[in-house]
Amino acid sequence: MVVDGDDVHAALWGMPVRGGLGLLDSARGLAKLELYARARRVPAWITPQTSAEELMHSLFRSDFGRRAGEASIGLLAGVTPAEFTAGQFLDYVRAAGSVFKLLTFAGGAQDSYFEQGAGAIADGLAEAFTGTIHTDAPVTEIRDTGTNVEVIAGDRVVECRRVVVAAPPPQVADIAFTPTLDDYRARLYAGAHMGRYTKIAVIYRTPWWRDRRRTGTVIVNAGSEIQMIVDATPHRAEHAALAAFSTGRGADLLAARDEADRAAVVVDAIESALGPAPEAPELVREQAWASEPHLRGAPAAVFAENPDLERLRRNHGRVHWAGTDLALAWRGYMDGAVGAGRAAADEVAEALRTDARHTAESSRPA
Ligand SMILES: Cc1cc2nc3c(=O)[nH]c(=O)nc-3n(C[C@H](O)[C@H](O)[C@H](O)COP(=O)(O)OP(=O)(O)OC[C@H]3O[C@@H](n4cnc5c(N)ncnc54)[C@H](O)[C@@H]3O)c2cc1C
């Protein structure tokens, strides 16, 4: 299926779609998914072991619908439906409020983008921060001494009263904790893995697709190496850009090709959806999150079993937890990371007040 801005036969919750009868099946399947996500109790056949793939098979009857479902899961979590449980997928939808919020552009998860790139957020926060930020070595060990916490990164030992760990779960599994993590947390983190996500920016001299009255928004069905293309041209920019997203199985296939081949696949996907380009790209730049040593994937982690977030969010002595994978709302998204970070900050502030009270009480003469 190719979904394209103005060249459409129908629109599905703000997303333009071309796909004949499969469209009806997709609409029916998505409506059912929404019901399951909102229901207090899911149907009895969905057990903790049911995979998202089995859920997809029940929701969608047509190949079109199932492929669209797989493409959506790839775009949402960077995984194939077989890689995580139906329970996690439904929780993911619940955390966003609704399946339509997740899938839509205007007013939904794809509403806006950062003109200077998402890295501008980290840069802005770093600029406003008055302490020192070390980025030269990952944290490998966290030791609770009984009065303080020692955080070890490379040959540096940082002593603090409380620590917030906001690294993705598979990275946490590589950190040695003293005292050791409880069995539940250790098992969940050890069994977690990240989605696979590659973003490829294709820079053109002009936004030629706009001349053809195309938005540049394309959803390509699963089976392809590219799942989505969007117009990523910044306002007032001298160049135009399309961003292509390769996820899950698509990202695995793309990674197996050499660099020139990968660029050709992306340009081919663009041209088969938007028509032959009148100009060659000036630049093709890719970012494969699976190759980032301290992330090993994106945009979120999937666990081998349905996680009990309440247990995972509970502090481990002086160690507190944040990160989008533990978020109650918008899990896997930036809003989720901010929400989990705020909750951890409140928890630490409260713990420090309690610690201070205990210190004052114990130093008071009897
Ligand atoms: C292509 C793409 C598109 C996306 N689009 C959107 C979008 O449109 N909207 C949206 O809301 N979200 C989007 N996301 C998801 C968003 O980026 C994440 O939800 C968000 O970055 C999660 O924030 P976080 O702080 O939990 O984790 P991260 O941003 O992953 O940060 C974790 C940090 O921990 C560090 N780390 C790991 N191990 C260690 C260690 N041992 N010691 C010290 N540090 C460590 C890592 O280096 C990293 O800096 C997208 C993601 C991708 C990849």
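Residues numbered from 1 in each chain as written. Predicted model: local features only at pLDDT ≥ 70, side-chain atom pairs only at ≥ 80, totals over all residues. Heavy atoms only, no water.

The name that an unreviewed UniProt entry assigns to the chain is Putative flavin-containing amine oxidase, with the source organism given as Gordonia soli NBRC 108243. According to UniProt, the comment filed for the chain under the heading Sequence similarities (unreviewed entry) is "Belongs to the flavin monoamine oxidase family." Comment text from UniProt for the chain, heading Cofactor (unreviewed entry), reads "FAD". (UniProt positions renumbered as here; feature names shortened; annotations may be inferred.)

Draft legend 1. Seen up close, the UniProt feature "binding site: substrate" (unreviewed entry) in the chain. UniProt records the feature "binding site: substrate" (unreviewed entry) at Phe245, using the numbering of this structure. Positionally, Phe245 belongs in strand S13 (residues 240-247). Residues in contact with Phe245, not counting those within four places in the same chain, are Leu75, Tyr197, Thr198, Lys199, Ile226, Gln227, Met228 and Val230. (Helix = DSSP H or I, 4+ residues; strand = E, 2+ residues; numbered from the N terminus. Contact = heavy atoms within 4.5 Å.)

Draft legend 2. View of the sheet that holds strand S5 (residues 149-153). A sheet is described by the order of its strands in space; here 4 strands give the open sequence S6-S5-S4-S8, paired in mixed fashion. In this open sheet, the two strands that pair with only one neighbour each are strand S6 (156-160) and strand S8 (176-178). Each adjacent strand pair in this sheet contributes to an overall mean axis angle of 15 degrees, direction not counted. Alignment of strand S4 (residues 139-144) against S8, held across 3 bridges, turns out to be parallel. From the neighbouring strand, Ile142 faces S8, where its bridge partner is Phe177. (Pairing = 2+ DSSP bridges. Axes fitted to C-alpha atoms, helices over the stretch in contact; angles between N-to-C directions.)

Draft legend 3. View of a nonpolar patch on the surface. On the surface, Phe114, Ile121, Leu125 and Met334 cluster together into a nonpolar patch covering about 390 Å² of accessible area. By the secondary structure assignment, Phe114 is in the loop between helix H5 (99-103) and helix H6 (119-128). Judged by relative accessible area, which is 40%, Phe114 ranks as partly exposed. (Patch = residues over 30% accessible without salt bridge, like charges linked within 9 Å, V, L, I, M, F, W, Y side chains within 5 Å. Areas by Shrake-Rupley, 256 points an atom, 1.4 Å probe, with all protein chains shown as cover. Salt bridge = Lys/Arg side-chain N within 4 Å of Asp/Glu carboxyl O. Buried < 20%, exposed > 50% of the residue type's maximum accessible area, 1.4 Å probe, protein only.)

Draft legend 4. Structural view of the site of the ligand. Around the ligand, a shell composed of 19 residues is seen, among which Val139, His294, Thr324, Gly332 and Met334 lie nearest. A distance of 3.4 Å separates a nitrogen atom of the ligand from a polar atom in the side chain of Gln171. Note that an oxygen atom of the ligand is positioned 3.0 Å from one of the backbone N or O atoms of Gly332. In the complex, 66% of the free accessible area of the ligand, which totals 1,000 Å², lies under the protein chains. In terms of residue class, the shell around the ligand is made up of 14 nonpolar, 5 polar and no charged. No fewer than three residues from each of domain 2 (119-193 + 299-363) and domain 3 (196-291) sit in the shell around the ligand. (Near = heavy atom within 4 Å. Polar contact = N/O pair within 3.5 Å; in protein donor to acceptor, adjacent residues only side chain to side chain. Nonpolar A, V, L, I, M, F, W, Y, C, P; charged D, E, K, R; others polar. Domains from an automatic or database assignment.)

Draft legend 5. Inspection of the nonpolar core at higher detail. Formed by 29 residues in total, the largest nonpolar core has its most connected members in Leu33, Leu55, Phe84, Phe89 and Leu102. With 6 residues, the top contributor of residues to this core is helix H4 (residues 86-96). Inspection of this core shows a minimum of three residues originating in each of domain 1 (16-103) and domain 2 (119-193 + 299-363). Non-local contacts of Leu102, meaning those with residues more than four positions away in its chain, are made with Leu76, Tyr92, Val93, Ala96, Ala109, Gln110, Trp330 and Tyr333. (Core = buried A, V, L, I, M, F, W, Y, C linked by side-chain atoms within 4.5 Å.)

Draft legend 6. Focus on the domain arrangement of the chain. Looking at the chain, the domain boundaries give domain 1 (16-103), domain 2 (119-193 + 299-363) and domain 3 (196-291). Distance from the C-alpha centre of domain 1 to the C-alpha centre of domain 3: 25 Å. Counting residues at the interface gives 11 residues for domain 1 and 12 residues for domain 3. For the pairing of domain 1 and domain 3, the buried interface totals around 990 Å² over both sides, and the portion due to carbon and sulfur atoms is 54%. Of all residues in domain 1, the largest losses of buried area upon contact with domain 3 belong to Ala71, Leu75 and Gly78, amounting jointly to 48% of the total for that side. Here domain 1 and domain 3 share 2 salt bridges between them. Put simply, Glu83 and Arg196 hold a salt bridge, and the shortest N to O gap is 2.7 Å. One can count 6 residue pairs in polar contact (both at pLDDT 80 or more) joining domain 1 with domain 3. When its residues are assigned to classes, the side of domain 1 that touches domain 3 shows 5 nonpolar, 3 polar and 3 charged. (Buried area = accessible area lost by both parts, 1.4 Å probe.)

Draft legend 7. Inspection of empty space enclosed by the protein at higher detail. Applying the stated criterion to the full structure yields 1 cavity of 30 Å³ or more. In this structure, the largest cavity spans a volume of roughly 120 Å³. Residue lining of the largest cavity: 13 residues in total, with Gln88, Tyr92, Ala301, Phe303 and Arg331 positioned closest to the centre. At 3 residues, the largest contribution of residues to the lining of the largest cavity is made by H4. Classifying every residue of the lining of the largest cavity by side-chain character gives 9 nonpolar, 1 polar and 3 charged. A domain split of the lining of the largest cavity shows at least three residues from each of domain 1 (16-103) and domain 2 (119-193 + 299-363). (1 Å grid on protein atoms, 1.4 Å probe; cavity = no way out; pocket = protein on both sides within 12 Å on 5 of 7 lines; lining within 4 Å. Points joined across faces, edges and corners; volume = space filled by probe spheres on them.)

Draft legend 8. Examining the pairing of S4 more closely. One ladder, built from 5 bridges, connects S4 with S5; its direction is antiparallel. By the bridge assignment for S5, Arg143 is matched with Glu150. Once S4 ends, the chain turns through 4 residues before running back antiparallel as S5, passing Gly146 with a positive phi of about 105 degrees.

Draft legend 9. Up close: the packing of aromatic side chains. Overall, the coordinates contain 9 aromatic pairs when judged by the stated rule. Considering the side-chain rings of Tyr204 and Trp208, the 5.5 Å spacing of their centres and the 85 degrees angle between planes classify their relative orientation as edge-to-face. On the basis of relative accessibility, which here comes to 2%, the residue Trp208 falls in the buried class. Over the aromatic face of Tyr184 sits the side chain of Arg311, whose NZ or CZ is 3.9 Å from the ring centroid. (Phe/Tyr/Trp six-rings, centres within 6.5 Å; stacked < 30°, edge-to-face > 60°. Lys NZ or Arg CZ within 6 Å of the ring centre and 35° of its normal.)

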